Amino acid sequence: MKYPTAFDVIVIGGGHAGVEAALASARVGASTLLLTQAIETIGQMSCNPAIGGIGKSNLVREIDALGGAMAIAADQAGIHFRTLNNSKGPAVRATRAQADRVLYRNAIRGAIDCQPHLTVYQDLMVDLTLKSDRIVSVSTRLGMEIEGGAVVLTTGTFLGGRIFVGSEQHTGGRAGDSASLELSEKLRTLPLAAGRLKTGTPPRIDGNTVDFDKLEEQPGDEPRPVMSFLGSAESHPRQVSCHITHTNPQTHEVIRRGLDRSPMFTGEIEGVGPRYCPSIEDKIVRFAERDQHQIFVEPEGLQTTELYPNGISTSLPFDIQYEAVRTIRGFENAHITRPGYAIEYDFFDPRGLLPSLETKNIENLFFAGQINGTTGYEEAAAQGLVAGLNAARKVAGQSAWVPQRHEAYIGVLIDDLTTMGANEPYRMFTSRAEYRLRLRQDNADLRLTPVGRELGLVTDERFNAFAMRRDRLERCNTVLTNTTVHLNSDLANKLSEETGEAISRDVLLLDFAKRPNVRAEHLTASGVFSDRDEAHLVQALIDVKYHGYLRRQDQAIERSREQMGIQLPVDMDFDGIDGLSNELREKLENVRPSTLGKAASIPGMTPAALSLLSVHAKRHSGLRKTA
Amino acid sequence: MSETICAVATPPGRGGIGIVRVSGPACQQVARVLLRQVPPPRIATLADFCTTEGEILDSGIALYFPAPASYTGEDVLELQGHGSPVALDRVVGCILEQDVRMANPGEFTERAFRNDKLDLAQAEAVADLIASGSAEAARAAARSLSGEFSRCVHELDHKILTLRIYIESAIDFAEEEVDFLGDREQQDQLVAMQLLVERLIERSSAGLTMQLGLDVAIAGDPNVGKSSLLNQLLGEDRAIVTATAGTTRDTLHGELSLDGLPVRLTDTAGLRESNDPIEVIGMKRAEEALEKADCVLWVVDDADENGSPPKEYQAKSLVVRNKCDLTGKTPGGLGDDAFRTCALTGAGLDELCEQLKQIAGFRTGIDAFAGRPRHIDSLKRARGALASAVDELSTRQGELVAENLRVAHQCLGEIVGATTSDDLLGEIFATFCIGK
């Protein structure tokens with residue numbers, strides 16, 4: 001039976017990728033359907049109840065700068081906020097929020113329900129229809145065929161999902177939810193390179209059975225940071241603490257006894273798990289010399305006593321989980337409310353994607369989130385936004401928009417995925433970003449809100465708030481550039497007094513501000529700026545301090561921009577290019593980079609090989625023209 | 001193209017002429033510094049090639065082609081000097097100080113092609129050219145990367161990687177229970193790296209001259225003992241590689257090795273006015289030899305009170321006061337640029353040879369590498385980044401220490417192959433137990 005209406009864009013899945021995809025597509029005006037198997041679980045946090053963290057909060061701020069929902073929801077649901085790397089420079093500072101699962105889901109549901117052009121429908125996608133390598137409709141379990149101009153697939157861990165607890169295993173997409181098996185089989189018949197990945201969760205614990213006196217308390221930060229550029233600490237709900245405890249030799253002993261029944265070690269799990277998020281049994285085997293591992297005890301919410309002991313994700317049998325948990329300090333009488341488990345799921349090699357996240361082989365089919373080999377809510381949401389936006393643009397006949405590596409962590413994420421692929425679940429780290437000094441969470445709006453506005457992603461409300469902030473910042477910069485601190489002037493004396501920095505000749509305030517000891521409060525205390533300016537001044541000074549480095553990077557950016565501008569033909573014949581090493585030829589064959597810039601980021605690429613590619617690309621286009 | 005590139009356009013080794021080509025927006029700046037002028041477009045202009053300090057490195061023809069009417073379609077500057085590899089290397093070194101980088105193999109042609117300076121039919125040839133260039137570069141790199149040089153660069157590369165593991169972990173995994181390095185340990189490691197890179201540069205630079213050798217011309221009035229000097233220098237305890245005799249009125253060549261440093265000697269005809277057509281040709285050759293030489297031994301009779309070399313060669317001349325057996329004065333060094341010798345007995349020549357080695361940058365105790373200019377360029381940039389890292393560490397700006405180390409690592413990657421951020425993360429996960 002045909003569904004009564006057709007849509008520009010159909011988004012499959014209501015997780016973090018699906019939500020941002022649906023919202024972005026609808027925000028730019030495409031009629032959008034969000035198809036999910038359970039409306040109640042839209043915006044569900046399947047893993048630990050936290051948003052942000054080092055590298056990840058930059059993604060959250062970028063999503064926010066482009067009008068996405070994640071940061072605002074984190075502010076509405078955040079029950080514990082911290083600034084990470086506070087003692088280090090602003091480029092690597094990050095924000096993390098512990099979120100109440102229910103409040104978070106409600107906030108996301110609210111955003112979905114209020115979004116014009118967006119329709120939600122509950123059913124399970126089981127099939128799709130292609131017309132000459134182009135997707136035209138999806139079919140559901142209830143026999144509905146829904147026509148769409150483009151489809152964004154965000155299957156999370158549901159596609160071919162299989163759950164493991166010890167030697168027990170069953171199909172499932174998440175504890176308590178069923179997997180997408182028919183769709184998995186269908187997709188495996190398409191020209192897409194499928195693989196299996198694995199992730200895991202720890203057993204959940206009832207807080208009523210935990211002795212908190214034995215745990216180390218970690219309160220949130222004051223003053224409290226916020227996630228969204230539009231957020232304020234006043235809007236946060238009641239705040240609570242996290243706690244820290246550790247495993248011990250006794251715990252490790254118990255776990256070792258269970259290893260022979262761990263599906264990780266018996267070979268039943270074929271999927272690759274993340275090295276930076278290993279299960280506790282993996283940590284104990286690989287780092288046998290350590291006699292303890294940290295556990296970060298996170299509250300699940302304000303209305304529940306359940307806890308998420310982050311650090312002991314496991315697929316050991318329940319009896320071992322039970323015994324091991326009770327060896328841990330503070331958990332001696334702990335009751336496990338849900339056992340930990342490992343989950344294995346399908347993903348597709350992201351090198352089969354265009355940077356727009358459209359699959360190369362099936363037109364108008366877009367992928368976002370774990371289906372592309374990533375892990376993490378933030379990584380998923382970022383891809384969702386890009387896929388949803390580009391699906392809508394494709395249907396409207398517009399060209400794709402993808403940020404570059406020097407513009408956003410989102411650009412790093414997409415470039416890494418589509419050129420390097422994913423050998424393990426991909427997570428963002430600041431060290432992945434060579435332009436880390438400019439991709440800061442403090443300036444995400446300056447980097448992306450103007451272009452977001454042009455794309456139609458940013459509302460009036462957000463843009464007006466942004467424009468005001470930008471004006472204030474510019475005023476600060478003008479004062480810094482136009483103020484000379486004269487030798488022995490009152491200002492010079494005040495500044496010296498505040499900062500302890502000697503002023504031995506006339507100096508531009510901007511240059512004085514470059515000195516490492518000079519901070520924004522010194523400048524406001526000296527009367528050059530009013531207290532009202534301080535927040536903006538703090539930001540202005542970050543760029544001042546990094547100025548030399550940023551300028552030096554400009555040249556590298558210019559080079560990559562030029563390389564990005566050189567398109568490589570999709571059907572480029574790498575075998576026919578003399579002078580390429582076999583290794584490089586093979587890599588190029590796998591990646592099939594769309595531009596010279598993408599080719600440049602392939603590991604082992606040499607300047608000479610890039611020259612060859614550029615010449616052949618141009619020759620190719622020349623031949624086409626003359627043909 | 002935003003970047004300006006530079007390379008020696010003539011084949012490596014010695015030729016009658018050596019061309020350095022520069023392409024990109026910094027050409028005018030390069031011209032202003034090296035030539036003290038921007039030559040008029042497309043007009044061969046005689047000029048001295050100078051360092052920023054004003055020292056004359058060479059002189060020759062400068063040609064400036066403003067974009068787009070040039071080979072690459074960009075601003076192009078060509079400096080045609082005397083083929084001496086040492087002089088060429090120094091000219092390139094000065095150009096690289098002006099926001100210019102070494103060109104990649106085939107890059108000039110590639111730019112020409114991209115700017116529509118070559119037609120479609122030439123494209124295949126261009127690709128082949130780059131392909132052969134890259135194969136040649138790969139072979140050359142493999143040669144210079146074998147053995148000791150490679151081991152030292154890899155050692156430094158590994159030291160940087162090790163420190164980056166700690167520094168990047170401290171940033172990305174600040175909340176993990178990892179033993180981070182203290183400032184003091186970071187400082188010690190950085191200083192150790194600085195020493196290593198410094199020594200690498202020293203050894204590579206020495207190696208470059210060692211490889212290319214030194215051109216020395218012997219000149220002076222007739223009958224002051226030039227030929228005796230040549231014979232003595234090429235004599236008994238020094239290895240003669242070749243010795244070609246021309247007529248007495250022509251130039252005479254010989255090659256010797258000073259502790260491994262190749263020295264090519266040219267004995268020129270005496271410089272004087274003459275109407276004899278053969279002698280005129282000889283004189284012309286003598287002048288060419290003098291221009292090309294890295295060093296001129298200006299021979300005078302020790303009895304002659306004056307006898308200083310012609311002004312144009314003064315800077316690269318050593319005065320040899322010969323025939324001191326007749327004046328009875330003590331042979332030996334008279335400062336850095338004058339020596340008293342007896343070419344017949346060899347007295348005073350040891351001191352002279354020592355000075356020649358000094359000029360070639362030859363320092364005893366340095367185990368030289370066959371460094372390539374491109375490698376030295378990369379090492380120098382790594383050195384700069386390491387120095388900045390030390391600075392930033394002193395004000396405890398960890399993310400800037402990290403940035404400088406990333407740049408230093410990238411520079412070494414240009415020699416030994418790049419370490420990607422994924423490789424780095426892999427090392428981190430192998431080193432530390434990370435993750436919740």
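Residues numbered from 1 in each chain as written. Chains lettered and ligands numbered in written order. Predicted model: local features only at pLDDT ≥ 70, side-chain atom pairs only at ≥ 80, totals over all residues. Heavy atoms only, no water.

Draft legend 1. Structural detail: the interface of chain A and chain B. With 58 residues of chain A at the contact, the number on the chain B side is 52 residues. At the boundary of chain A with chain B, total buried surface from both sides reaches about 4800 Å², with 55% on carbon and sulfur atoms. When the buried area of chain A at its contact with chain B is split by residue, Tyr549, Val615 and Lys618 of chain A rank highest and sum to 12% of it. Where chain A touches chain B, the interface holds 4 salt bridges. For Glu175 of chain B, the salt bridge goes to Arg82 of chain A, with nearest N and O atoms at 2.8 Å. Across the contact surface, chain A and chain B share 14 residue pairs in polar contact (both at pLDDT 80 or more). Elements with a minimum of two residues in the side of chain A that touches chain B: strand S4 (78-84), helix H8 (280-286), strand S16 (294-299), helix H17 (534-565) and helix H20 (607-626) of chain A. In terms of residue count, the dominant contributor to the side of chain A that touches chain B is H20 of chain A (12 residues). Among the residues making up the side of chain A that touches chain B, the classes are represented as 24 nonpolar, 18 polar and 16 charged. (Contact = heavy atoms within 4.5 Å. Buried area = accessible area lost by both parts, 1.4 Å probe. Salt bridge = Lys/Arg side-chain N within 4 Å of Asp/Glu carboxyl O. Polar contact = N/O pair within 3.5 Å; in protein donor to acceptor, adjacent residues only side chain to side chain. Helix = DSSP H or I, 4+ residues; strand = E, 2+ residues; numbered from the N terminus. Nonpolar A, V, L, I, M, F, W, Y, C, P; charged D, E, K, R; others polar.)

Draft legend 2. Fine view of the packing of helix H6 (residues 249-258) of chain A against helix H9 (residues 318-325) of chain A. Residue and element names in this part refer to chain A. Running from N to C, H6 and H9 cross one another at 170°; their axes reach a closest spacing of 9 Å. Relative to H9, the element H6 lies roughly antiparallel. Contacts between H6 and H9 involve Thr251, Val254, Ile255, Arg257 and Gly258 on the former and, on the latter, Ile320, Glu323 and Ala324. Partitioned by chemical class, the residues of the contact of H6 with H9 number 4 nonpolar, 2 polar and 2 charged. (Axes fitted to C-alpha atoms, helices over the stretch in contact; angles between N-to-C directions. Parallel < 35°, antiparallel > 145°, perpendicular 65-115°, else oblique.)

Draft legend 3. Highlighting the pattern of salt bridges. All names here are of chain A. By the definition in use, this model includes 52 salt bridges over all chains. The residue Asp346 makes a salt bridge to Arg188 at a minimum N-O spacing of 2.9 Å. Here the residue Asp346 occupies a position in strand S19 (residues 341-348), and Arg188 occupies one in the loop between helix H5 (181-187) and strand S12 (194-201), the gap between them amounting to 158 residues. Judged by its relative accessible area of 43%, Arg188 falls in the partly exposed class. Within this structure, Arg188, Arg196, Glu344 and Asp346 form a network of salt bridges that share partners. (Buried < 20%, exposed > 50% of the residue type's maximum accessible area, 1.4 Å probe, protein only.)

Draft legend 4. Just the sheet that holds strand S5 (residues 94-99) of chain A, in detail. Residues and elements named next belong to chain A. What the 3 strands build is an open sheet, ordered S3-S5-S4; its pairing is antiparallel. Sheet topology places strand S3 (50-52) and S4 at the edges, where each strand pairs with a single neighbour. Put simply, the sheet's adjacent strands are angled 20° from each other on average, direction ignored. Bridge count for S4 against S5 is 6 bridges, and the pairing is antiparallel. Among the inter-strand pairings, Leu84 is bridged to a residue of S5, identified as Ala94. (Pairing = 2+ DSSP bridges.)

Draft legend 5. Quick peek at the nonpolar core. Counting 95 residues, the largest nonpolar core has Ile51, Tyr104, Ile146, Val152 and Leu153 of chain A as its most contacted members. In terms of residue count, the dominant contributor to this core is helix H10 (residues 377-395) of chain A (10 residues). In contact with Ile51 of chain A, other than residues within four places in its own chain, are Met45, Val60, Met70, Ala74, Thr95, Arg96, Ala97, Tyr104, Met227, Tyr377 and Glu378 of chain A. In terms of nonpolar packing, the next biggest core, distinct from the first, is built from 31 residues, Ile160, Leu181, Ile201 and Leu379 of chain B among them. (Core = buried A, V, L, I, M, F, W, Y, C linked by side-chain atoms within 4.5 Å.)

Draft legend 6. The arrangement of H9 of chain A in detail. Residue and element names in this part refer to chain A. Taken as a whole, H9 has its buried residues at Ile320, Gln321, Ala324 and Val325. Angularly, the buried residues of H9 cover 125° about the axis, an arc narrow enough to put them on a single face. The elements touched by buried residues of H9 are strand S10 (162-165), strand S13 (204-206), H6 and strand S18 (336-338). (Arc of directions from axis to C-beta.)

Draft legend 7. Main features of the packing of helix H5 (residues 148-172) of chain B against helix H13 (residues 398-416) of chain B. Residue and element names in this part refer to chain B. Look at H5 against H13: their axes get within 9 Å of each other, and the N-to-C directions meet at 150°. Taken together, the axes of H5 and H13 lie roughly antiparallel to each other. The element H5 and its partner H13 pack so that their crossing is left-handed. Contacts between H5 and H13 involve Phe149, Val153, His154, Leu156, Asp157, Ile160, Leu161, Leu163, Arg164, Ile167, Glu168 and Ile171 from the former and Gly398, Glu399, Val401, Ala402, Leu405, Arg406, Ala408, His409, Leu412, Ile415 and Val416 from the latter. In terms of residue class, the contact of H5 with H13 is built from 15 nonpolar, 3 polar and 5 charged. (Left-handed = near helix turned anticlockwise from the far one by under 90°.)

Draft legend 8. Quick look at the confidence of the model for chain B. Residues and elements named next belong to chain B. For chain B, per-residue confidence averages 79 on the pLDDT scale, and 80% of positions sit at 70 or higher. Taken as a whole, residues 133-146 scores under 50 in pLDDT and shows 12 contacts with residues more than four places along the chain or in a different chain. The model gives residues 236-248 a pLDDT under 50, and that stretch makes 21 contacts with residues more than four places away or in other chains. Confidence estimates for the predicted assembly give a pTM of 0.78 and an ipTM of 0.88. (pLDDT = per-residue confidence, 0-100.)

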